[in-house]
Protein chains: 2
Amino acid sequence: MDPQFAEQVLRLLQNHRSIRKFTEQKIPEETINQIILSAQMASTSSHVQAYTIIGVTDPELRRKLAEYSGKQSYVESCAHFLVFCADLNRLDYVTRRQGVDVTETLDTTEKFIVATVDAALAAQNAAIAAEANGLGIVYIGGIRNNSEQVATLLELPAKVYPVFGMCLGYPAQDPDLKPRLPMSCVYFENHYPDLETIADDLEQYDQRVRNYYIQRTKGKRQETWSEMMVKTLAIPIRTHMKSFLEKWGFPFK
Amino acid sequence: MDPQFAEQVLRLLQNHRSIRKFTEQKIPEETINQIILSAQMASTSSHVQAYTIIGVTDPELRRKLAEYSGKQSYVESCAHFLVFCADLNRLDYVTRRQGVDVTETLDTTEKFIVATVDAALAAQNAAIAAEANGLGIVYIGGIRNNSEQVATLLELPAKVYPVFGMCLGYPAQDPDLKPRLPMSCVYFENHYPDLETIADDLEQYDQRVRNYYIQRTKGKRQETWSEMMVKTLAIPIRTHMKSFLEKWGFPFK
């Protein structure tokens, strides 16, 4: 392998920032195709390919998706919007055509995990392909704010659920990198540690995140990561997820 | 962006094959570091970073993991083995240190999805970083064959579960690309289709997969994709997943 290329790819991966402001520039159809082809070549559990991608081009659908996602306007205004769905329905279809009913398998929590992971791996390949082509992206977990409305809007059948969306477009902003946890807090050798051993590193990270916000907001925002997490997690969100999924053909057996 | 670089990245993404035979060559520590740093820069829901990566270097742990994964010898023999875990425990820890109990939030199905997706996005970035550096990888969903044994072996606390493993090493094989579904079967515009409209494309894909196996095995194996799926899905596997996860602090509320 070419060490210079390796270096460039590492830089691409490590320079990811979510982009939420885009120019008006359209994305060539060939670029979209290459992004989808790249998504498809991600690993998939036992070759099941248990995901589906909906590219949303209809302005009215976009407007509704932006609303359902918590009024995230860039869902409407970005150049292209993809919805990544975990899909066990296509497997149901092809096995039934072979005269076999595999419902018992598809109903398991295991297959829920497989389909969710398949969708995520495909999505991350799409993200990298897009960014390599000069596009910016942001994942939209917000579509789970109104899972059933989104599923209905996109006419998703049972056994297909929208995991997240992704905005794509040419960046009209250049945000700073958001500091991640120190490697010592996410990567361990052989065993999961007693978290007291990383308490100091977490503390340092808290200060780093605080400084990041102070710099970006001229002191208006000065949260640590721990404080952010308390705020984010204090009140449960998307508590409909379990009942929505059960209704939509994922009984977690 | 550099069109030649974009082209090379697309080729990298679209040339992925799982590698299951590796040379004896060790991976430089700096390369491992860059792979983990790349994993860390993947998107994460609301910056929760709800995953942990365990790098398994201990030969005895490797031997056991290979056994637990269904006797996949490359788990033992590959140059490095990573276990990607969905991790809500670190969030529990940091919020408790702030004097706040967010159990009700962490117990939701929503947060199970968030942590699983976070682990998957990080893993796919790791895979791309590894492949850009000339390494081969294979995801090991097989560690879910014996989830509890794996979790115990790696001393994973409650709210941390092993999603999948990943073997890394320098390739000692050069397998063909495995044909994916036609794009017309996974990518749709605006709405999920009536699958009868893609029946012909699925049929063609079935023949393509069949020819792929015939060529690779000199006719010994001649399954279509649909036949493979029937075989793979006929009997539910990993039916312990739900009860394991509930026991391990994921109550799917």
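Further up the page is the structure itself.
Here the structure is a predicted model, which is why all the values come from computation and not from measurement.

J.: Looking at this model, I keep getting lost on the nonpolar core. Mind explaining?
T.: Across soluble globular proteins, nonpolar side chains have a tendency to be buried as a group. By size, the foremost hydrophobic cluster in this structure holds 170 residues, and its most contacted members are A:F84, A:C85, A:M166, B:F84, B:C85 and B:M166. Apart from the residues lying within four places of it in its own chain, the contact partners of B:F84 are B:Y51, B:I53, B:A119, B:A122, B:A123, B:V163, B:F164 and B:M166.

J.: What's the story with the interface of chain A and chain B in this structure? I'm lost.
T.: How large an interface is tends to be reported as the accessible area lost when its parts come together. Counting residues at the interface gives 98 residues for chain A, matched by 98 residues for chain B. Ranked by residues supplied to the side of chain A that touches chain B, first place goes to helix α7 (residues 109-132) of chain A with twelve residues. Looking at the side of chain A that touches chain B residue by residue, the class counts come to 53 nonpolar, 31 polar and 14 charged. Relative to strand β5 (residues 187-189) of chain B, strand β1 (residues 51-56) of chain A is paired through three bridges, and the arrangement is parallel. Among the inter-strand pairings, A:I53 is bridged to a residue of β5(B), identified as B:Y187.

J.: Can you help me understand the sheet that holds β1(A) in this one?
T.: As a general point, the strands of a sheet are linked pairwise by backbone hydrogen bonds and lie either parallel or antiparallel. Strand order in the open sheet formed by five strands is β3(A)-β4(A)-β2(A)-β1(A)-β5(B), and the pairing between neighbours is mixed. On the outer flanks of this sheet lie β3 (136-140) of chain A together with β5 of chain B, each paired with one strand and no other. The mean angle between the axes of side-by-side strands here comes to 25°, regardless of whether they run parallel or antiparallel. As defined by bridge partners, β1(A) adjoins strand β2 (residues 80-87) of chain A across six bridges and the pair is classed as antiparallel. Counterpart to A:I53 in the pairing with β2(A) is A:F84. Seen against the sheet, helix α3 (residues 59-68) of chain A touches β1, β2 and β4 (160-169) of chain A and runs at an angle of roughly 110° to β1(A).

J.: It is not clear to me how unusual backbone geometry should be interpreted in this structure. Could you clarify?
T.: With the exception of glycine, most residues fall at negative phi, and the peptide bonds are largely trans. All names here are of chain A. The backbone of N190 sits at a positive phi, close to 70°, despite the residue not being glycine. Summarising the element assignment, N190 is placed in the loop between β5 (187-189) and α9 (199-216). The phi dihedral of K218 falls on the positive side, at around 50°, and the residue is not glycine. Checked against the element boundaries, K218 lands in the loop between α9 and α10 (225-233).

J.: Even after reading the chapter, I still don't get helix α9 (residues 199-217) of chain B, so can you show me in this structure?
T.: In this model, α9(B) (19 residues) spans 27 Å end to end at C-alpha, consistent with the 27 Å of a helix rising 1.5 Å per residue. Inspection of α9(B) places B:L202, B:Y205, B:D206 and B:V209 among the buried residues, and these make up the whole buried set. All buried residues of α9(B) fall inside an arc of 110° around its axis, so they share one side. Seen from the buried face of α9(B), the exposed residues on the opposite side, beyond 90 degrees, are B:D200, B:Q207 and B:Q215. The inward-facing, buried residues of α9(B) abut α5 (89-97) of chain A together with α10 (225-233) of chain B. Phi turns positive, to about 50°, at B:K218, one or two residues after α9(B).

Criteria and cut-off values
Throughout, a residue's number is its position along its own chain's written sequence, starting from 1. Ligands are numbered from 1 and chains lettered from A, in the order in which they are written. At least 70 in pLDDT is required for a residue's local features to be given in this predicted model, at least 80 for side-chain atom pairs to be given and counted, and no such filter applies to totals for whole chains, interfaces and linings, which use all residues. Any nonpolar core is a set of buried residues, restricted to Ala, Val, Leu, Ile, Met, Phe, Trp, Tyr and Cys, that join up through C-beta atoms within 7 Å. To sort residues by burial, count the other C-beta atoms lying within 10 Å of each one's C-beta; a count of 20 or more means buried, 12 or fewer means exposed, and anything in between means partly exposed. C-beta atoms are built from the backbone. C-beta atoms are placed from the backbone for every residue, and two residues are taken to be in contact when these atoms lie within 7 Å. In this text, helices come from DSSP runs of H or I with a minimum length of four residues, and strands from runs of E with a minimum of two, each type numbered from the N-terminal end. In this classification, Asp, Glu, Lys and Arg are treated as charged, Ala, Val, Leu, Ile, Met, Phe, Trp, Tyr, Cys and Pro as nonpolar, and every other residue, Gly included, as polar. Pairing between strands is defined by DSSP: at least two bridges between them are needed. Axis lines are fitted to C-alpha atoms, over the contacting stretch for helices. Their N-to-C directions set the angle, which ranges from 0 to 180 degrees. Given a helix with a known number of residues, its expected span is that number minus one, times 1.5 Å. What the arc covers is the set of directions going from the helix axis to the C-beta atoms.

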